[in-house]
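Listed below are the residues making up each chain.
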Amino acid sequence: MSIIHCGMFFDGTKILENVDLEIRNGRVAKLEKNIVGSDRLDARDYFVMPGMVDSHIHLSGSTTGNLVAEYLTKDARTRLLRASTWMIKLLKAGFTTVRDCGEENSIYLREAIKSGTIVGPNILAAGKPLSQSFGHGEVAHSIPFHWNQDRGMSEICDGKDQCISAARRVLRTGADFIKVFSTGGVLSERDRPDQEQFTPEELAAIVNEARKAGKYVAAHAHGDQGIRNAVQAGVKSIEHGTLAQDGTLREMAERGVSLTPTISIQELLVKHGQKLGVSSWGLEKIKAVRDGIGKILPKAAEYGINILAGTDLGFETGTDIDIGTNWNELILLAEIGGLTPLQALMSSTGNARKIGIQAGTIEEGKQADIVLVEGNPANDIREIRNKKRVFLAGKELSLSEH
Ligand SMILES: [Zn+2]
């Protein structure tokens, strides 16, 4: 048993002051003022908050933004080993849970962490994402089609029956949810972010398979019609959502569909895309997408849409926006999206509960994933980048030697 004596305390939804936190067997046993006990940590100089959740990441182990180079010339096992080195970086950044939105590695990493083989954050894994032919989930469109299938970046499926079958295959691998691409994207060669992918019928079939297995669907979608198709099919979250029109945002709010704006990847591609090996067509497409998100986010917040912090990082960049600086997303949500510091903090903590992630709040009975941050990010969100102490299931991680 140990007690954390807090000054500024954020439970994932609200700020409290001068509370004590008792941790027992990896869980929060008590949360109240003046808990008596000897094993006490004085944390009054810190901002005590839940371990953060990156709700959109790809644990690919890639080292460039060039998908052809990564998926066609590197073996999946090489990437998996590389991705395992990211785990400690994520913890060190204060992220104790990540939702991988499409990458088979995430299943193996999740199992290795659960069994204690390696130390890492809690992982929610989509496994392979579902893509149509000539879709966002193909490594490239100018290579033979079967190369895409062979290298397994996605499950490629067309028509209701194939979609049902692909969804079942992904669920069979142990996916926690299903990821689909319902529009084109930026890093895919010949489609465009505003183009719809999959038909409403295909999307509904995938959502139904997920539902039957007690899972849900998250949809990558930029263009308005593709977002609408996914929302009406019953997905739980829209990833990106950059070109959503007003009526679609209102429908998302009504149906309780969450939005992950993924500003980090957009800023990364605009700022550093060229030197990171992103193709010219990718650099061209990012512009429209990036302009969109600054416009829709304030509206999304106003309509009460549940906003999730997700970086969409999927490769090492060696820049200021990288695996291990995932908290940048919170700063960007405030600076570009107009969220208040508290709203930005909630997007990486309490809001995750609303899509069923068992993390992001400090509550009695829940796993004690806790971060102590120097400064006060509820006052100035940029302080979320400050030095941290991280507790995973109640145990402080010794992060200095890494
Ligand atoms: Zn993504």
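Residues numbered from 1 in each chain as written. Predicted model: local features only at pLDDT ≥ 70, side-chain atom pairs only at ≥ 80, totals over all residues. Heavy atoms only, no water.

Asks: Honestly, the pairing of strand β7 (residues 95-100) in this entry has me stumped. Any pointers?
Replies: One face of the sheet, then the other: side chains in a regular strand alternate in exactly this way. Within β7, six of the six residues are buried, which leaves it mostly tucked inside the rest of the structure. Where strand β6 (residues 52-62) lies against β7, four bridges are found, and the strand directions are parallel. Bridging from a neighbouring strand, I57 pairs with D100 of β7. Where β7 lies against strand β8 (residues 122-125), four bridges are found, and the strand directions are parallel. Counted as the bridge partner of V98 is I123 from β8. A crossover links β7 with its parallel partner β8, the connecting element being helix α4 (residues 105-114), and its sense is right-handed. (Buried < 20%, exposed > 50% of the residue type's maximum accessible area, 1.4 Å probe, protein only. Helix = DSSP H or I, 4+ residues; strand = E, 2+ residues; numbered from the N terminus. Pairing = 2+ DSSP bridges. Right-handed = clockwise from strand over helix to strand, strands pointing away.)

Asks: Looking at this structure, how should I read the sheet that holds strand β15 (residues 313-315)?
Replies: What links the strands of a sheet is backbone hydrogen bonding, and the strands pair in either a parallel or an antiparallel sense. The strand order across the open sheet formed by four strands is β8-β7-β6-β15, and the pairing between neighbours is parallel. For this open sheet the edge positions go to β8 and β15, each flanked by a neighbour on one side alone. Averaged over all pairs of adjacent strands, the angle between strand axes in this sheet comes to 30°, irrespective of strand direction. Note that β6 and β15 share two bridges and pair parallel. Its bridge partner lying in β15, I57 is registered against L313. (Axes fitted to C-alpha atoms, helices over the stretch in contact; angles between N-to-C directions.)

Asks: Explain the pairing of strand β11 (residues 178-181) to me, please; I cannot follow it from the model alone.
Replies: Where burial is concerned, the two faces of β11 agree: the one with I178 and V180 and the one with K179 and F181 are both buried. Note: β11 against strand β12 (residues 217-221), four bridges, orientation parallel. Counted as the bridge partner of K179 is A218 from β12. In the classification by handedness, the crossover that spans β11, the intervening helix α7 (residues 200-212) and the parallel β12 is right-handed.

Asks: Would you mind going over helix α8 (residues 224-233) with me for this structure?
Replies: Residue pairs spaced three or four apart in an α-helix point in one direction, given the helix's 3.6 residues per turn. When you tally the buried positions in α8, you get seven out of 10 residues, the bulk of the element. Within the span of α8, buried status applies to D224, G226, I227, N229, A230, V231 and A233. In this structure, the buried side of α8 is in contact with α7, β12, β13 (237-240) and α9 (246-255). Where α8 terminates, the next one or two residues include G234, which has phi positive at roughly 105°. (Contact = heavy atoms within 4.5 Å.)

Asks: Mind showing me how you'd approach the coordination of the zinc ion here?
Replies: Tetrahedral coordination by four donors places them ideally at 109.5 degrees to one another around the metal; octahedral coordination by six donors ideally gives 90 or 180 degrees. Donor atoms from the polypeptide that bind the zinc ion are H56 (NE2), H58 (NE2) and D312 (OD), placed at 2.0 to 2.1 Å. When the donor residues of the zinc ion are listed from N- to C-terminus, their spacing reads H-x1-H-x253-D. Of the two residues examined, H56 and H58, each falls in the buried class. (Donors = N, O, S within 2.8 Å, 3.2 Å for Na, K, Ca; no water.)

Asks: Please explain the packing of aromatic side chains as it appears in this structure.
Replies: Each aromatic ring pair is characterised by the separation of its centres together with the angle its planes make. On inspection of all chains with the given rule, the structure shows two aromatic pairs. Summarising the aromatic geometry, the rings of F10 and F47 are spaced 6.3 Å apart at their centres and angled 20° between planes, so their arrangement reads as stacked. In this pair, F10 is assigned in strand β1 (residues 2-10) and F47 in strand β5 (residues 40-50), connecting sequence segments 37 residues apart. Here F10 matches F47 in class, with each residue buried. Relative to Y216, the ring of F177 has its centre 5.2 Å away and its plane inclined at 10°; by these criteria the two rings are stacked. Separated by 39 residues along the polypeptide, F177 in the loop between α6 (159-172) and β11 and Y216 in the loop between α7 and β12 bring together distant segments of the chain. Across the pair, Y216 and F177 agree in class, each one buried. Over the face of the ring belonging to Y71 we find R79, whose NZ or CZ atom lies 4.1 Å from the ring centre. One residue, R99, lies across the ring of F177, its end atom 5.2 Å from the ring centre. (Phe/Tyr/Trp six-rings, centres within 6.5 Å; stacked < 30°, edge-to-face > 60°. Lys NZ or Arg CZ within 6 Å of the ring centre and 35° of its normal.)

Asks: What should I look at first to understand the environment of S142 in this one?
Replies: If you trace the backbone, S142 turns up in the loop between β9 (130-131) and α5 (145-151). Measuring from C-alpha to C-alpha, the distance between S142 and R228 comes to 29 Å, with 86 residues separating the pair along the chain. If sequence neighbours within four positions are ignored, S142 has contacts with E189 and R190. Among the polar contacts made by the side chain of S142, one reaches the side chain of E189 at a distance of 2.9 Å. (Polar contact = N/O pair within 3.5 Å; in protein donor to acceptor, adjacent residues only side chain to side chain.)

Any link to function would need more than the numbers given here.
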